[in-house]
Structure formats: structure tokens, C-alpha cells
Amino acid sequence: MDAILAPTRFIEQTLREAELGEVPIFYLPTILEPKPLASGMRIRWGLPEKGFLFLSSFDVSSDPARKNPEGAIAAFLEAFPQADGSAHLVIKAHNLGLLPEAQ
């Protein structure tokens, strides 16, 4: 490799600690310009209009441990034990028809 680009300081530090030899490691953050949501988008998907939305998505045909939907649910419930409407968890699942129960 000629160089390694790390999108976060955490990844940069982890790579430096891995002692990968003489390969230079550069911090290169991902630049993202968030656009405001069009009005009515939450209603379109049946989501609450107020509160912060957290998204976790996974594909049934993939390795479930990789995306860990159960872990996302547990972390959300630990972070927000009170259902006060300030935060909501959205689980997006792909290929649910592949589950044995769906047959």
C-alpha cells in the first residue's frame, strides 16, 4: 500500500497502534453536507414527527452478527430507558421473506 486514509481519529489511532510498518496513515474525515428533510417524510414512513431518530439496518441474508440488530436494540434501550418520545429507534430489515417463519 502507498497510504492508508482513516475517516475518524479513532480509526487513525487504531491503525497507528497496529504498527503497519512504513505505510503512511492520514486522517481524512468524511465530508457530508446534510440536507434538510422534506416536510412530511416522517409521516410517509409512519415515523413520529417529533424526537430524534436512530436507524439500524440489516439484511437477513447477511451475517446477523455483523449488523447486530439485537445489540442496537439493547444499546438504544440502555441509552433511553424512559419512553418519553425524545428518541426513537428505527430498524430497517431487508429480505425478511428469507426467514423460515415467512415461508
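What you are looking at is a predicted structure, and each value in this text was computed from that prediction instead of being measured.

*Asks:* Explain the pattern of salt bridges to me, using residue names and the numbers behind them.
*Replies:* Pairs can form between side chains of opposite charge whenever their charged atoms are close. Scanning the model with the defined rule gives two salt bridges in all. Put simply, Glu12 and Arg9 hold a salt bridge, and the shortest N to O gap is 3.0 Å. Taken together, the residues Glu12 and Arg9, both in helix 1 (residues 9–17) and three residues apart, mark about one turn of the helix. Residue classification places Glu12 among the buried residues on the basis of a relative accessible area of 12%. A salt bridge links Arg16 to Glu12, with the nearest nitrogen and oxygen atoms 3.0 Å apart. Highlighted residues: Arg16 and Glu12, both in helix 1, separated by four residues, approximately one helical turn. Taken together, the shared-partner salt bridges connect Arg9, Glu12 and Arg16 into one network.

*Asks:* Could you give an account of the environment of Gly51, with specific residues and numbers?
*Replies:* Structurally, the position occupied by Gly51 is in the loop between helix 2 (41–44) and strand 3 (52–59). Given a relative accessible area of 28%, Gly51 falls into the partly exposed group. The spatial distance from the C-alpha of Gly51 to the C-alpha of Ala87 is 4.9 Å, given a sequence separation of 36 residues. Not counting residues up to four positions away in its chain, the partners in contact with Gly51 are Arg42, Gly85, Ser86 and His88.

*Asks:* Lay out the layout of surface pockets in plain terms, naming residues and giving numbers.
*Replies:* Of the voids in this model, the largest pocket is the one considered here, and its volume is about 240 Å³. Taken together, Trp45, Leu47, Leu53, Leu55, Val90 and Lys92 form the lining of the largest pocket. For the lining of the largest pocket, the class distribution of residues is five nonpolar, no polar and one charged.

*Asks:* Before we move on, could you go through a nonpolar patch on the surface and cite the residues and values that matter?
*Replies:* A cluster of nonpolar residues, Leu5, Phe26 and Leu28, forms a patch on the protein surface that exposes about 310 Å² of accessible area. Mapping Leu5 onto the fold places it in strand 1 (residues 4–6).

*Asks:* Describe the side chain of His88, with residues and values.
*Replies:* Within the element layout of this structure, His88 appears in strand 4 (residues 87–94). The class of His88 is buried, set by a relative accessible area of 18%. If we ignore the near neighbours within four places in the chain, the residues touching His88 are Pro48, Lys50, Gly51, Phe52, Leu53, Phe54 and Phe76.

*Asks:* A description of the packing of aromatic side chains should follow, citing residues and the corresponding values.
*Replies:* The full count for this structure, using the stated rule, is four aromatic pairs. A ring pair is formed by Phe54 and Phe80, whose centres lie 5.4 Å apart and whose planes are at 45°; its orientation type is tilted. You can see Phe54 sitting in strand 3 and its partner Phe80 sitting in the loop between helix 4 (69–79) and strand 4, a full 26 residues away along the chain. Residue classification places Phe80 among the partly exposed residues on the basis of a relative accessible area of 29%. Ring geometry for Phe76 versus Phe80: centroids 5.1 Å apart, planes at 40°, classification tilted. The buried category is assigned to Phe76, whose relative accessible area is 13%. Taken together, the aromatic side chains of Phe52, Phe54, Phe76 and Phe80 make up a single cluster linked through ring pairs.

Rules of the game
- Residues numbered from 1 in each chain as written.
- Predicted model: local features only at pLDDT ≥ 70, side-chain atom pairs only at ≥ 80, totals over all residues.
- Heavy atoms only, no water.
- Salt bridge = Lys/Arg side-chain N within 4 Å of Asp/Glu carboxyl O.
- Helix = DSSP H or I, 4+ residues; strand = E, 2+ residues; numbered from the N terminus.
- Buried < 20%, exposed > 50% of the residue type's maximum accessible area, 1.4 Å probe, protein only.
- Contact = heavy atoms within 4.5 Å.
- 1 Å grid on protein atoms, 1.4 Å probe; cavity = no way out; pocket = protein on both sides within 12 Å on 5 of 7 lines; lining within 4 Å.
- Points joined across faces, edges and corners; volume = space filled by probe spheres on them.
- Nonpolar A, V, L, I, M, F, W, Y, C, P; charged D, E, K, R; others polar.
- Patch = residues over 30% accessible without salt bridge, like charges linked within 9 Å, V, L, I, M, F, W, Y side chains within 5 Å.
- Areas by Shrake-Rupley, 256 points an atom, 1.4 Å probe, with all protein chains shown as cover.
- Phe/Tyr/Trp six-rings, centres within 6.5 Å; stacked < 30°, edge-to-face > 60°.

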